[in-house]
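# Chains, contacts and geometry: an overview
What follows is each chain in one-letter form.
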Amino acid sequence: MVGTVQGSALGFAGGVGVTALAANWPVFALVLLVVVVAVVSWWTTVLGAVLTAVQCWGLYASFVVGDEGHLVPDWAALGVLVVASTVSLSGLVRDPAAPARS
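Every chain is numbered on its own, with residues counted from 1 as its sequence reads. Per-residue local features are limited, in this predicted model, to residues with pLDDT of at least 70; the limit for side-chain atom pairs, both in listing and counting, is 80 or more; totals at the level of whole chains, interfaces and linings are taken over all residues. Only heavy atoms go into the side-chain values, all of them from the structure, while hydrogens and water stay out.

### Looking at helix H2 (residues 26-43)
Relative to the 26 Å expected for 18 residues at 1.5 Å per residue, H2 spans 26 Å between its end C-alpha atoms, a close match to the ideal helical length. All buried positions along H2 are accounted for by Ala29, Leu30, Leu33, Val36, Val37, Val40 and Ser41. The buried residues of H2 all sit within an arc of 120° when viewed along its axis, so they share a single face. Opposite the buried face of H2, at more than 90 degrees from it, the exposed residues are Val27 and Trp43. Where helices and strands are cited, they refer to DSSP runs of H or I of at least four residues and of E of at least two residues respectively, numbered from the N terminus. What a helix is expected to span follows from its residue count: subtract one and scale by 1.5 Å. Buried, partly exposed and exposed residues are distinguished by accessible area as a fraction of the type maximum, computed with a 1.4 Å probe on protein chains only: under 20%, between the cut-offs, and over 50%, respectively. The directions considered for the arc run from the helix axis to the C-beta atoms.

### Some points on the side chain of Thr19
Looking at where Thr19 falls in the secondary structure, it is placed in helix H1 (residues 4-22). A polar atom in the side chain of Thr19 sits 2.7 Å from the backbone oxygen of Gly15. In what follows, a contact means two residues having at least one pair of non-hydrogen atoms within 4.5 Å. If near-sequence neighbours (up to four positions away) are discounted, Thr19 is found in contact with Leu59, Phe63 and Val64. By the criterion applied in these results, polar contacts are pairs of N or O atoms within 3.5 Å in which, for protein atoms, one can donate a hydrogen and the other can accept it, and in which residues neighboring in sequence qualify only through two side-chain atoms.

### Topic: the packing of aromatic side chains
To pair, rings of Phe, Tyr and Trp, with the six-membered ring standing in for Trp, must have centres within 6.5 Å; the planes then decide the type, stacked if under 30 degrees apart, edge-to-face if over 60, and tilted in the middle. For the structure shown, the criterion picks out 1 aromatic pair. Residues Trp57 and Trp75 carry aromatic rings whose centres are separated by 5.3 Å and whose planes lie at 25° to one another, so their mutual orientation is stacked. Of the two residues, Trp57 sits in helix H3 (residues 46-64) while Trp75 sits in helix H4 (residues 75-88), which places them 18 residues apart along the sequence. A relative accessible area of 11% means that Trp57 is categorised as buried.

### Examining a nonpolar patch on the surface
On the surface, a nonpolar cluster with roughly 750 Å² of combined accessible area is contributed by Val2, Leu10, Val27, Val31, Val35, Val39, Trp42 and Trp43. Considering every element that reaches the nonpolar patch, the biggest residue donor is H2, with 6 residues. By the element assignment, Val31 lies in helix H2. Using a relative accessible area of 47% as the deciding quantity, one classes Val31 as partly exposed. A patch consists of residues exposed above 30% relative accessible area that lack any salt bridge, with like charges linked at up to 9 Å and nonpolar side chains (Val, Leu, Ile, Met, Phe, Trp, Tyr) linked at up to 5 Å. In short, Shrake-Rupley with a 1.4 Å probe defines the accessible areas, and a residue's cover is counted only from the protein chains shown. Basic side-chain nitrogens of Lys or Arg form a salt bridge, by our definition, when they fall within 4 Å of a carboxyl oxygen of Asp or Glu.

### Topic: the confidence of the model for the chain
Predictor confidence is given residue by residue as pLDDT, running from a minimum of 0 to a maximum of 100. The share of residues in the chain with pLDDT of 70 or more is 85%, and the mean pLDDT across the chain is 82. Taking the mean pLDDT of every element in the chain, the minimum, 55, falls on helix H5 (residues 90-93) and the maximum, 93, on H1.

### Regarding the packing of H1 against H3
Running from N to C, H1 and H3 cross one another at 25°; their axes reach a closest spacing of 8 Å. When the axes of H1 and H3 are compared, the pair comes out roughly parallel. Judged by the twist between their axes, the crossing of H1 over H3 is right-handed. For the pair H1 and H3, the contacting residues are Thr4, Gly7, Ser8, Gly11, Phe12, Gly15, Val16 and Thr19 in the first and Leu47, Gly48, Leu51, Thr52, Gln55, Cys56, Leu59, Phe63 and Val64 in the second. Axes here refer to lines fitted to C-alpha atoms; in helices the fit is confined to the stretch in contact. Angles between the N-to-C directions go from 0 to 180 degrees. The labels follow the angle: roughly parallel below 35 degrees, roughly antiparallel above 145, roughly perpendicular from 65 to 115, and oblique for the rest. Working rule for handedness: look at the near helix, and if it is turned counterclockwise from the far one by less than a right angle, call the crossing left-handed; if clockwise, right-handed.

Set out below in structure tokens:
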């Protein structure tokens, strides 16, 4: 597990990469941002996951949906990213020391 700052930084870096790669394809960009949020949320703290979701949403709303960095609030995209981070945080509630049941 990485700390809040490191997780947030990884999420931001991944979000910038996805935004630069897929800015012309909004649906594809959102799917890739969900992957970034899910992966980073799995390995970071709750606050790191939340920051990652908000940062990715900001990048999506500013550079994929928005024009030239102007924020165009896309609440549906924020909802998708928040759900992705919440689902990924389920890894925090599992006890890694507990044996798997067959």
